[in-house]
Amino acid sequence: MMYEKLAIPNTLAAGPGPGNTDPRVLEQFAKAGIADHMQPDVLRGMKECKVMLREVWGTTNVYTFGVAGTGWSGLDAMISAVKPGDKVVAFVNGTFSGIDALSLRMKAATEEELGANPLDPDAKSVKIINVPHGQSVNKETIESCINDHQPKWAFMAHYETGSGRVNDLRAFSDTCEKYGVLGLVDAVSSLGVGDFRIDDYPGVVAWASCPQKGICCLPLTYAPVSFSDKYIDVLKTGGARSFVHNPILEARHWAIIDGSDVDKGSYHRTHSAYAVAAFHEALRLTLQEGISNRAAKYAKFEKVLSGAFRAMGCDVTSNMTSLVVLNLPKNLSGREMEFVQHCRSDNFGIWPTLSEPVQIRVGILNLLNDKAISEIIERFGIALKELGGQFDDNLVSLEIDRLSRPIAAE
Ligand SMILES: *Cc1c(COP(=O)(O)O)cnc(C)c1O
């Protein structure tokens with residue numbers, strides 16, 4: 001059985017991710033020559049990526065590099081040092097931190113606990129702190145739970161993409177530092193979107209992000225990760241039951257050996273010249289624009305977008321800058337999934353939430369221009385009216401007019 005050549009349409013990718021990959025990145029992906037993973041320019045590209053990535057993360061951590069794959073690949077490397085029986089506190093306020101917490105339960109479960117429920121182990125040493133959907137993990141919760149449980153590790157998502165909430169990174173880092181807890185952060189949705197430098201958060205010893213959101217480099221490339229010396233020391237002593245996602249071993253190919261940058265990487269696994277070239281260009285683009293500039297654009301455009309949705313009668317419950325999470329107006333309440341399907345069937349790629357309650361998620365990854373934002377607002381409004389929504393177009397236009405104001409004035 002052989003099928004027709006696969007054709008995938010161009011959609012308006014206005015979801016939580018993946019974001020639109022810049023044409024410059026795709027061009028680099030397609031234009032790279034065939035070279036093996038030890039060819040000098042491929043290795044040089046990886047070394048340059050590593051240096052650029054330190055700037056993008058805002059860190060002097062030597063163990064900063066990319067893990068081949070998606071966000072979960074980086075997160076898997078991030079939790080590789082967690083051992084069965086380790087005490088962990090994990091804050092959960094949505095789909096993604098929920099999966100992170102599951103990964104941590106799988107890592108920290110004893111042999112018996114894992115055997116009793118292999119896909120969803122009840123690890124006694126892991127304390128899950130559930131924060132209701134639509135709320136952020138705040139300072140009070142972080143301080144009291146870490147103080148109560150005194151774990152070895154604490155985990156939190158920086159931006160929880162499931163509910164569109166930004167969690168209190170300052171309080172998380174400070175509390176981890178105060179109690180000598182090793183902080184782990186899922187920064188999948190915040191790197192390249194928010195304005196932060198990880199060296200300002202010394203309580204966090206390991207960070208993981210992804211290629212397809214704020215870094216805008218989907219053509220399956222690298223999940224950025226960064227580990228402090230403290231994490232690497234723990235890993236050196238205790239080890240990890242993983243070859244490929246062991247950060248000390250992974251770092252070798254990026255020319256990081258024994259805590260130092262060396263001239264030439266050594267084999268860990270086969271890296272693709274195409275992926276390296278694309279990732280390199282995505283990092284160049286990020287640095288060219290600047291983290292702060294980009295963050296200010298996200299903040300401005302999110303304000304306009306959520307303002308327009310509110311003017312249509314929607315109830316916005318998120319506070320992320322790359323994503324708006326909302327409920328439909330009262331007369332359409334409960335029809336969120338139908339609305340999303342209606343839009344998606346027309347190549348307007350918005351998303352529902354992946355866990356209860358069903359809400360609508362509209363994202364603007366790499367859609368940072370007036371035209372794209374106006375188009376999202378227009379298409380959303382048309383779809384809303386098609387389902388029976390009613391709103392005053394003039395109120396929406398007033399919000400769209402804010403696009404012409406300079407970023408600094410916002
Ligand atoms: C998207 C996302 C993930 C998963 O990333 P993949 O690239 O799909 O593996 C994990 N955590 C958060 C917070 C996310 O937004």
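Residues numbered from 1 in each chain as written. Predicted model: local features only at pLDDT ≥ 70, side-chain atom pairs only at ≥ 80, totals over all residues. Heavy atoms only, no water.

J.: Account for the pattern of salt bridges, with residues named and values stated.
T.: Close approach of charged atoms lets side chains of opposite charge pair. Per the counting criterion, the structure on display carries 20 salt bridges. With a shortest N-O distance of 2.9 Å, Arg 335 and Glu 338 are connected by a salt bridge. Taken together, the shared-partner salt bridges connect Arg 24, Glu 281 and Arg 284 into one network. (Salt bridge = Lys/Arg side-chain N within 4 Å of Asp/Glu carboxyl O.)

J.: Outline the side chain of Ser 322, supporting the account with residue identities and numerical values.
T.: Turning to its location among the elements, Ser 322 is positioned in the loop between strand E12 (315–316) and strand E13 (323–327). Overall, Ser 322 belongs to the buried group, its relative accessible area being 4%. If we skip the residues at most four places from it in the chain, Ser 322 touches Ser 189, Val 193, Tyr 298, Val 362, Gly 363, Ile 364 and Leu 365. (Helix = DSSP H or I, 4+ residues; strand = E, 2+ residues; numbered from the N terminus. Buried < 20%, exposed > 50% of the residue type's maximum accessible area, 1.4 Å probe, protein only. Contact = heavy atoms within 4.5 Å.)

J.: Quick rundown of the site of the ligand? Include the residues and the values.
T.: Close contacts around the ligand come from Thr 70, Gly 71, Trp 72, Leu 75, Phe 96, Tyr 159, Thr 161, Asp 186, Val 188, Ser 189, Gln 212 and Lys 213, and that covers them all. Measuring from an oxygen atom of the ligand, one finds a side-chain N or O atom of Thr 161 at 2.3 Å. Here Lys 213 contributes a side-chain N or O atom positioned 2.6 Å from an oxygen atom of the ligand. Isolated, the ligand exposes 390 Å² of accessible area, and the fraction of that covered by the protein chains is 91%. Grouping the amino acids of the shell around the ligand by side-chain chemistry returns five nonpolar, five polar and two charged. (Near = heavy atom within 4 Å. Polar contact = N/O pair within 3.5 Å; in protein donor to acceptor, adjacent residues only side chain to side chain. Areas by Shrake-Rupley, 256 points an atom, 1.4 Å probe, with all protein chains shown as cover. Nonpolar A, V, L, I, M, F, W, Y, C, P; charged D, E, K, R; others polar.)

J.: Before we move on, could you go through helix H7 (residues 169–179) and cite the residues and values that matter?
T.: Those residues of H7 that sit buried are Leu 169, Ala 171, Phe 172, Ser 173, Thr 175 and Cys 176. Structurally, H7 contributes buried residues whose contacts are with strand E2 (88–92), helix H6 (139–149), strand E4 (153–157), strand E7 (182–186) and strand E8 (204–208). With a side-chain oxygen positioned 3.2 Å from the backbone nitrogen of Arg 170, the residue opening H7 is Asp 168. Phi turns positive, to about 65°, at Gly 180, one or two residues after H7.

J.: For the sheet that holds E13, give the residues involved together with the corresponding values.
T.: Read across the open sheet, the four strands follow the order E12-E13-E15-E14; overall the sheet is antiparallel. Whereas interior strands pair on both sides, the edge strands pair on one side only; in this sheet they are E12 and strand E14 (351–352). Pairing geometry for E14 and strand E15 (residues 360–363), over two bridges, is antiparallel. Across the sheet, Trp 351 pairs through a bridge with Arg 361, a residue of E15. (Pairing = 2+ DSSP bridges.)

J.: Give a description of the domain arrangement of the chain that names residues and reports values.
T.: Domain parsing of the chain yields domain 1 (24–287) and domain 2 (291–409). Summarising the inter-unit geometry, the C-alpha centres of domain 1 and domain 2 are found 30 Å apart. At the junction of the two partners, domain 1 supplies 25 residues and domain 2 supplies 22 residues. For the domain 1 and domain 2 pair, buried surface summed over both sides reaches about 1800 Å², with 54% attributable to carbon and sulfur atoms. Summed over the three residues of domain 1 that lose the most area to domain 2, namely His 133, Gly 164 and Val 193, the buried surface amounts to 27% of that side. Taken together, the connections running from domain 1 to domain 2 amount to zero salt bridges. (Domains from an automatic or database assignment. Buried area = accessible area lost by both parts, 1.4 Å probe.)

J.: How would you sum up the layout of surface pockets? Please name residues and give values.
T.: Of the voids in this model, the largest pocket is the one considered here, and its volume is about 490 Å³. Tallied by class, the residues present in the lining of the largest pocket amount to nine nonpolar, nine polar and one charged. In this structure, the lining of the largest pocket is formed jointly by two domains, domain 1 (24–287) and domain 2 (291–409), each of which donates at least three residues. (1 Å grid on protein atoms, 1.4 Å probe; cavity = no way out; pocket = protein on both sides within 12 Å on 5 of 7 lines; lining within 4 Å. Points joined across faces, edges and corners; volume = space filled by probe spheres on them.)

J.: Would you mind going over the packing of aromatic side chains in detail, with residue names and values included?
T.: Across all of its chains, the model carries 13 aromatic pairs by this definition. Their ring planes at 55° and their centres at 5.2 Å tell us that Tyr 222 and Phe 279 sit as a pair that is tilted. Here Phe 279 lies in helix H10 (residues 273–289) and Tyr 222 lies in strand E9 (residues 222–227), a separation of 57 residues in the sequence. For Tyr 222, a relative accessible area of 2% puts it in the buried group. Among the aromatic residues, ring-to-ring pairing joins Trp 57, Phe 196, Tyr 201 and Trp 207 into one connected group. A cation over a ring is seen here: Lys 213 above Phe 96, with NZ or CZ 5.0 Å from the ring centre. Geometry around Trp 351 places Arg 344 over its ring, the cationic atom sitting 4.9 Å from the centre. (Phe/Tyr/Trp six-rings, centres within 6.5 Å; stacked < 30°, edge-to-face > 60°. Lys NZ or Arg CZ within 6 Å of the ring centre and 35° of its normal.)

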